[in-house]
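One-letter residues, chain by chain:
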Amino acid sequence: MCPCLQAENKKIEAYLKTRCGGHIRAAYGCSLGGSFVGLLVARQKACDNGRCKIYNLDFPDVIALRQQLLPAGEREQNIPCNLKDPAWFNKIDASGGAVFFASGVFYYFLTEQVKALVQAMADAFPGSMLVFDAANRTAVKMIAKTWLRTAKIKDVGAYFAVSDAKSELSSWDSRLQVSSRGYMLGYNDLKDPSVSGFFRFLAKVGDGGMKMQIVKIGF
């Protein structure tokens, strides 16, 4: 691991201990930014039993940078690819089952692209599961406001958004087992005195008004 990332992780952990009672109440990240989330979780041994194979997928230029900053570990492989191209399926060993995490990714996919990917994964990885974050149309419009303007894309409504994952996504394929929880309130009731009122307000707006959620799809 790059020494600079180790140093940053220590700073983040120190902040969590002094300001948040040592608890991560919500974590969000994508591409290289998501690596900090992954490192924090990994240090708690939460997702690794010592035998897991870990694959990191991203565009070639991002993977090239990742190789410099976060060289692949002993059981880790960085795979340059376009997630929408199923060619990467052949590089994944899912013989013992697999859990796929997509953090901060599908907001930038068209709904039909997400549907096609999910259906293709159901074909290729039976018995596995996909976990990702999602939100409703209002939230997606807010997320997309800047980059859509830059790309001169006007059809925001075509981008993936969901309010009730189980009812909206189950119809995509009879093999899908869909469930979801609120992004923040679905995992913590936030009644701890150390949680500020402002954070509780943000959690209610995010989980309530914007339907921010963690979606799990079993194949």
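One can find the structure itself at the top, above this paragraph.
Rules used in this analysis
- Residues numbered from 1 in each chain as written.
- Predicted model: local features only at pLDDT ≥ 70, side-chain atom pairs only at ≥ 80, totals over all residues.
- Heavy atoms only, no water.
- Core = buried A, V, L, I, M, F, W, Y, C linked by side-chain atoms within 4.5 Å.
- Buried < 20%, exposed > 50% of the residue type's maximum accessible area, 1.4 Å probe, protein only.
- Helix = DSSP H or I, 4+ residues; strand = E, 2+ residues; numbered from the N terminus.
- Contact = heavy atoms within 4.5 Å.
- Pairing = 2+ DSSP bridges.
- Axes fitted to C-alpha atoms, helices over the stretch in contact; angles between N-to-C directions.
- Salt bridge = Lys/Arg side-chain N within 4 Å of Asp/Glu carboxyl O.
- Right-handed = clockwise from strand over helix to strand, strands pointing away.

**Observations regarding the nonpolar core**
- Trp88, Phe106, Met121, Phe132, Phe160, Leu169 and Ile217 are the most contacted members of the largest nonpolar core, which totals 29 residues.
- Those elements that provide at least two residues to this core are strand 3 (99–102), helix 4 (111–124), strand 4 (129–134), helix 6 (165–169) and strand 6 (213–218).
- For phenylalanine 106, the contacting residues outside a window of four places in its chain are Leu83, Val114, Leu117, Leu130, Phe132 and Phe160.
- Counting residues in hydrophobic clusters, the runner-up holds 7 residues, among them Ala135, Ala139, Val140 and Ala161.

**Here's the deal with the environment of lysine 204**
- Relative to the helices and strands, lysine 204 resides in helix 7 (residues 197–209).
- Using a relative accessible area of 58% as the deciding quantity, one classes lysine 204 as exposed.
- Remark: the alpha-carbon pair of lysine 204 and methionine 184, spanning 20 residues in sequence, is separated by 8.4 Å.
- Beyond its immediate stretch of four places on either side in the chain, lysine 204 contacts Leu185 and Gly209.

**Notes on the sheet that holds strand 5 (residues 177–182)**
- Read from one edge to the other, the open sheet built from 4 strands follows the order 3-4-6-5, with strand pairing classed as mixed. Every other strand in the sheet has two partners, leaving strand 3 and strand 5 as the edge strands with one partner each. On average, each strand axis in the sheet is inclined to that of its neighbour by 20°, with strand direction left out of account.

**What to know about the pattern of salt bridges**
- Under the defined criterion, the tally for this structure stands at 3 salt bridges.
- For the salt bridge of arginine 175 with aspartate 123, the shortest nitrogen-to-oxygen distance reads 2.6 Å. With arginine 175 in the loop between helix 6 and strand 5 and aspartate 123 in helix 4, the pair connects residues that are 52 residues apart, well separated along the chain.
- Given a relative accessible area of 54%, aspartate 123 falls into the exposed group.
- When salt bridges with common partners are traced through the structure, they connect Asp123, Asp173 and Arg175 into a single cluster.

**Some remarks on the pairing of strand 4**
- Strand 4 sits mainly inside the fold: 5 of its 6 residues count as buried.
- Pairing analysis gives 4 bridges linking strand 3 to strand 4, with the strands arranged parallel. Bridge pairing in strand 4 places phenylalanine 101 opposite valine 131.
- Remark: the strand 3/helix 4/strand 4 crossover connection has right-handed handedness.

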